[in-house]
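So you can see what is in the structure, the chains are spelled out below.
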Amino acid sequence: MKIGVYPGSFDPVTNGHLDIIERASKIFDKLIVAVLVNPNKTPVFDIEERVELLKETTEHLPNVEVKAFKGLLIDFMKQENAKVIVKGLRAVSDFEYEFQMALLNKKLEPSIETIFMMTNSKYSYLSSSMVKEVARFGGCIEDLVPEKIAKKVMKKLNKKYAEMEENK
Ligand code: PNS
């Protein structure tokens with residue numbers, strides 16, 4: 001069984017992520033979307049929320065699983081018996097960082113490959129940080145995140161940024 005792992009922070013999942021997930025799910029027998037629990041970052045959406053939003057977003061894709069992981073990605077890969085990491089590339093600016101990560105993972109575990117998929121040009125400008133920035137300044141994020149979860153994401157971000165304004 002060919003298993004691919006699509007790792008990321010997904011804070012929150014965007015339409016660009018969903019595009020990669022849908023396309024990668026056609027290439028692998030099983031695609032695991034691996035959500036990083038990163039002790040060095042304070043995400044807006046906690047790990048349970050990020051996993052839940054991804055599960056809702058991908059419920060139409062029967063061979064996609066969503067799981068949280070801690071620590072090194074290659075250890076998670078071994079635990080899941082997966083050999084291929086899937087990453088999305090939006091622009092040349094992504095390349096240097098992604099190249100470094102791919103080489104490091106290869107050094108740590110030579111049997112694991114990283115493959116890159118070009119993001120659909122419709123979404124090349126899109127990132128989770130941009131979604132948060134638009135929401136923070138009152139913009140509409142409806143076309144930026146998957147339709148199914150847009151209201152939930154908007155509600156959470158509005159609440160978060162209203163609280164931040166109050167505490168200023
Ligand atoms: O969505 P992001 O934040 O760009 O995803 C980055 C991610 C989760 C893919 C990367 O930080 C990662 O794999 N972290 C796990 C720790 C690890 O394995 N580090 C060594 C390789 S960089």
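Residues numbered from 1 in each chain as written. Predicted model: local features only at pLDDT ≥ 70, side-chain atom pairs only at ≥ 80, totals over all residues. Heavy atoms only, no water.

## A closer look at the overall build of the protein chain
- Each helix and strand counted, the protein chain has six helices and five strands in total.
- Overall, the protein chain shows an N-to-C arrangement of helices and strands of β-α-β-α-β-α-β-α-β-α-α.
- Its C-alpha radius of gyration of 16 Å places the protein chain within 12% of the 15 Å reference for a compact globule of 168 residues.
- Out of the 168 residues belonging to the protein chain, those deemed buried represent 45%.
- By sequence separation, contacts in the protein chain at least 24 residues apart represent 77% of the contacts at least 6 residues apart.
- Entry remark: accessible area of the protein chain is about 9,900 Å², with carbon and sulfur atoms responsible for 54%.
- Across the protein chain, the centroid of the 26 positively charged side chains sits 3 Å from that of the 25 negatively charged ones. (Helix = DSSP H or I, 4+ residues; strand = E, 2+ residues; numbered from the N terminus. Rg over C-alpha atoms; globule rule 2.2 N^0.38 Å. Buried < 20%, exposed > 50% of the residue type's maximum accessible area, 1.4 Å probe, protein only. Contact = heavy atoms within 4.5 Å. Areas by Shrake-Rupley, 256 points an atom, 1.4 Å probe, with all protein chains shown as cover. Lys, Arg positive; Asp, Glu negative; His and termini not counted. Charge placed at Lys NZ, Arg CZ, Asp CG, Glu CD.)

## Some remarks on the site of the ligand
- Within the structure, the ligand sits among 13 residues, and Ser 9, Gly 71, Leu 72, Leu 73 and Met 101 are positioned closest to it.
- At 2.5 Å from an oxygen atom of the ligand is found a side-chain nitrogen or oxygen belonging to Ser 9.
- Leu 73 is positioned with one of its backbone polar atoms (N or O) 2.8 Å from an oxygen atom of the ligand.
- Its free accessible area being 540 Å², the ligand has 76% of it covered by the protein chains.
- Elements supplying a minimum of two residues to the shell around the ligand: strand S1 (3–8) and helix H4 (92–108).
- Of the residues forming the shell around the ligand, the biggest block, three residues, is contributed by H4.
- Of the residues that constitute the shell around the ligand, the class distribution is seven nonpolar, four polar and two charged. (Near = heavy atom within 4 Å. Polar contact = N/O pair within 3.5 Å; in protein donor to acceptor, adjacent residues only side chain to side chain. Nonpolar A, V, L, I, M, F, W, Y, C, P; charged D, E, K, R; others polar.)

## Some words on the sheet that holds strand S2 (residues 30–36)
- Read from one edge to the other, the open sheet built from five strands follows the order S3-S2-S1-S4-S5, with strand pairing classed as parallel. Where the open sheet ends on each side, the last strands, each with one partner, are strand S3 (64–69) and strand S5 (113–118). Ignoring strand direction, the axes of neighbouring strands in this sheet form an average angle of 30 degrees.
- Strand contacts of helix H1 (residues 15–25): S1, S2, S3, strand S4 (84–89) and S5, with the helix running at about 120 degrees to S5, the strand carrying the most contacts. (Pairing = 2+ DSSP bridges. Axes fitted to C-alpha atoms, helices over the stretch in contact; angles between N-to-C directions.)

## Here's the deal with the packing of helix H5 (residues 128–136) against helix H6 (residues 147–166)
- Between H5 and H6, the least distance of the axes is 9 Å, while the angle of their chain directions is 60 degrees. Considered as vectors, H5 and H6 are oriented oblique to each other. For the pair H5 and H6, the sense of crossing is right-handed. Side by side, H5 and H6 meet where Val 131, Lys 132, Ala 135 and Arg 136 of the first sit next to Leu 157, Asn 158, Tyr 161 and Met 164 of the second.
- Considering only residue class, the contact of H5 with H6 consists of five nonpolar, one polar and two charged. (Parallel < 35°, antiparallel > 145°, perpendicular 65-115°, else oblique. Left-handed = near helix turned anticlockwise from the far one by under 90°.)

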